[in-house]
Amino acid sequence: MTQFDKRNISMLIDLYEIMMANGYYVNHEAETEVIFDVFYRRNPDGAGFAIFAGLEQVLEYLENLHFEADDIAYLRSLNIFDEKFLEILSNYRFHGTVRSLPEGTIMYPYEPVMSICAPLLDAQIIETAVLTQINHQSLIATKTQRIVNAAQGRPVSDFGARRAHNVDSAVYGARASYIGGAAGSATLMAGKMFNMPVSGTMAHSFVMFHKDEFTAFKLFAELYPERSVLLVDTYDVLKSGIPNAIRVAHEVLEPKGQRLQGIRIDSGDLAYLSKEARRMLDEAGLQDCKIVASNSLDEYTIRSLLDQGGCIDSFGVGERLITAKSDPVFGAVYKLAAIKENGKVIPKIKISENAEKITNPGEKKLWRIYNNTGHAVADLITLYDEEPDFSKPYSYIDPRKPWKRSAFQDCTGKELLQVVMKDGKRTQPPRSLVDIRKYVAAQLKNEIWPEEQRFENPHHHFLDMSPAYYNMKMKLLEQAQDFEYQPA
């Protein structure tokens, strides 16, 4: 058994988190109920929105969170933890309640995408694992959606595992790419784990190994006639690759009643080569043969290829998808929002010299507001015990323009945060990856404005507040300004 096989990811904890948990235990504070929110501050690539992904892995982690004997031994060896605290960990399980966006929900900066209510010890030690999953998969799902959008209906496949940062980023990145709209992945491990489509063609090495290109194409087509996509750029696309592919189509596949499924171009001027390849294939009676393009593609290169009239039917996208190369940090954070004492919720706020780092305090609800055409016009934060009445004009405050009088009219609202875990146990069965993917597509088609889906200068989605919530936040800010340090 390898170290990878026997690892316990429960130990995916930053040292400072478990040090604080130990401190809470020693000071008899560990059982105090608290609320932490997960949110992010900026859409990657200047996009108009992001896609929430990774929830399933968060819930798996929380349900299975435990510490094995060697974990406790390692923590003991650091000589910084109370022995009774380590005994607590040896029999530990998570006891919190989690409210979350459904996986695949379109989300926006500064709104709570997950809210965790748990004993302080529980809430403190899960921060790293929660953020690791949400940050990575939300980033890749969002990047993939941009690439799929650029492809204008042509299939996009994840070809990125060999350039991923490690095994987990390849496999869970493939999962996230499928949520974001990819047709499938080349990574078999992802296909097996998540029951998602897998795809692949052939390698340059297969062509180079055999005595000539035609022989390699012939052998591959005989082995995989229904998957006969031939890689035509090993030597020369137009002088060798395409002519040999056409020859295989006529001499090998057609006598067996089969058709050449496609050719793939992995280098060179993809726009020019694809147009010439299309002409040659059509002249040979292979109008149904698809052209696949790969080679360091992203949403910008794909858009450029299509703007140039490139005759490309599908794309294999690798490194720039699986690493989100253009903007590889998502930046979701995990902040204390409230403490529960004697049945009362006490909101907490973090302030900063940087206005964007001031948090939205307290236990809260998040609503998506729709107009009478079904489009989402804004999101709304309210106090947890508020029930907005959208049957009549509803006054709200835009925190960027608090002086402006505004109201939603002829609108409906949907509460977004759902209870997905209670006392450490799921309240809902896992959703299939196919359903999550369809949910993303349906929102983009029916709810999210096309203006928010632009690559450049997308429309800003408003995050508004109820007057009661806004006033509570302002009161906390005023109290923080009035605070003066009093020496003991």
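Residues numbered from 1 in each chain as written. Predicted model: local features only at pLDDT ≥ 70, side-chain atom pairs only at ≥ 80, totals over all residues. Heavy atoms only, no water.

Going by an unreviewed UniProt entry, the protein carries the name Nicotinate phosphoribosyltransferase and comes from Candidatus Avisuccinivibrio stercorigallinarum. Its UniProt record gives the protein a comment under Pathway (unreviewed entry), which states: "Cofactor biosynthesis; NAD(+) biosynthesis; nicotinate D-ribonucleotide from nicotinate: step 1/1." Its UniProt record gives the protein a comment under Sequence similarities (unreviewed entry), which states: "Belongs to the NAPRTase family." (UniProt positions renumbered as here; feature names shortened; annotations may be inferred.)

## Thoughts on the UniProt feature "domain: Nicotinate/nicotinamide phosphoribosyltransferase" (unreviewed entry) in the protein
The sites that UniProt annotates as "domain: Nicotinate/nicotinamide phosphoribosyltransferase" (unreviewed entry) are residues 156-354. Counting secondary structure, residues 156-354 comes out at 41% helix and 17% strand; the distance between its end C-alpha atoms is 39 Å. (Helix = DSSP H or I, 4+ residues; strand = E, 2+ residues; numbered from the N terminus.)

## Observations regarding the pairing of strand β12 (residues 333-341)
Sheet topology places strand β1 (residues 33-39) next to β12; seven bridges connect them, and they run antiparallel. Bridged to Asp 37 within β12 is Lys 335. Sheet topology places β12 next to strand β13 (residues 344-347); four bridges connect them, and they run antiparallel. Bridged to Lys 340 within β13 is Val 345. Here β12 folds back onto β13, and the loop between the two strands holds two residues, one of which, Asn 342, carries a positive phi near 55°. (Pairing = 2+ DSSP bridges.)

## Describing unusual backbone geometry
You will see that Asp 410, though not glycine, has its phi angle at about 55°, which is positive. With respect to the element layout, Asp 410 can be found in the loop between β17 (406-408) and β18 (412-415). Exposure remark for Asp 410: the relative accessible area of 64% places this residue in the exposed category. Positive phi outside glycine occurs at Asn 457, with the angle close to 50°. Looking at the element boundaries, Asn 457 is found in the loop between α16 (433-446) and β21 (462-465). (Buried < 20%, exposed > 50% of the residue type's maximum accessible area, 1.4 Å probe, protein only.)

## A short note on the sheet that holds strand β8 (residues 229-231)
With respect to topology, six strands assemble into an open sheet ordered β7-β6-β11-β10-β9-β8, the strand pairing being parallel. Across the chains shown, the open sheet's two edge strands, defined by having one partner strand only, are β7 (184-185) and β8. Along the sheet face, helix α13 (residues 270-283) touches β9 (262-265) and β10 (290-293) and points at about 160° away from the line of β9. (Contact = heavy atoms within 4.5 Å. Axes fitted to C-alpha atoms, helices over the stretch in contact; angles between N-to-C directions.)

## As for the pattern of salt bridges
One pass over the full model with this rule turns up 27 salt bridges. Between Arg 42 and Asp 327 there is a salt bridge, with the nearest N and O atoms lying 2.9 Å from each other. Here Arg 42 is found in the loop between β1 and β2 (50-51), whereas its partner Asp 327 is found in the loop between α15 (319-322) and β12, with 285 residues between them in sequence. The residue Arg 76 makes a salt bridge to Glu 83 at a minimum N-O spacing of 2.7 Å. If you follow the salt bridges from partner to partner, you end up with Asp 45, Lys 143, Arg 146 and Glu 299 in one network. (Salt bridge = Lys/Arg side-chain N within 4 Å of Asp/Glu carboxyl O.)

## Notes on the environment of Phe 49
Of note, Phe 49 is situated in the loop between β1 and β2. Beyond its immediate stretch of four places on either side in the chain, Phe 49 contacts Tyr 40, Asn 43, Ile 106, Met 107, Tyr 108, Thr 142, Gln 145, Leu 444, Ile 448, Glu 452 and Gln 453.

## Describing the pairing of β9
Of the two faces of β9, the one lined by Gly 262 and Arg 264 and the one lined by Ile 263 and Ile 265 are each fully buried. One ladder, built from three bridges, connects β8 with β9; its direction is parallel. Pairing of Leu 231 across the sheet is with Arg 264, part of β9. Crossover β8 to β9 through helix α12 (residues 237-253) is right-handed. Sheet topology places β9 next to β10; four bridges connect them, and they run parallel. From the neighbouring strand, Gly 262 faces β10, where its bridge partner is Lys 290. Once you follow β9 into α13 and on to β10, the crossover reads as right-handed. (Right-handed = clockwise from strand over helix to strand, strands pointing away.)

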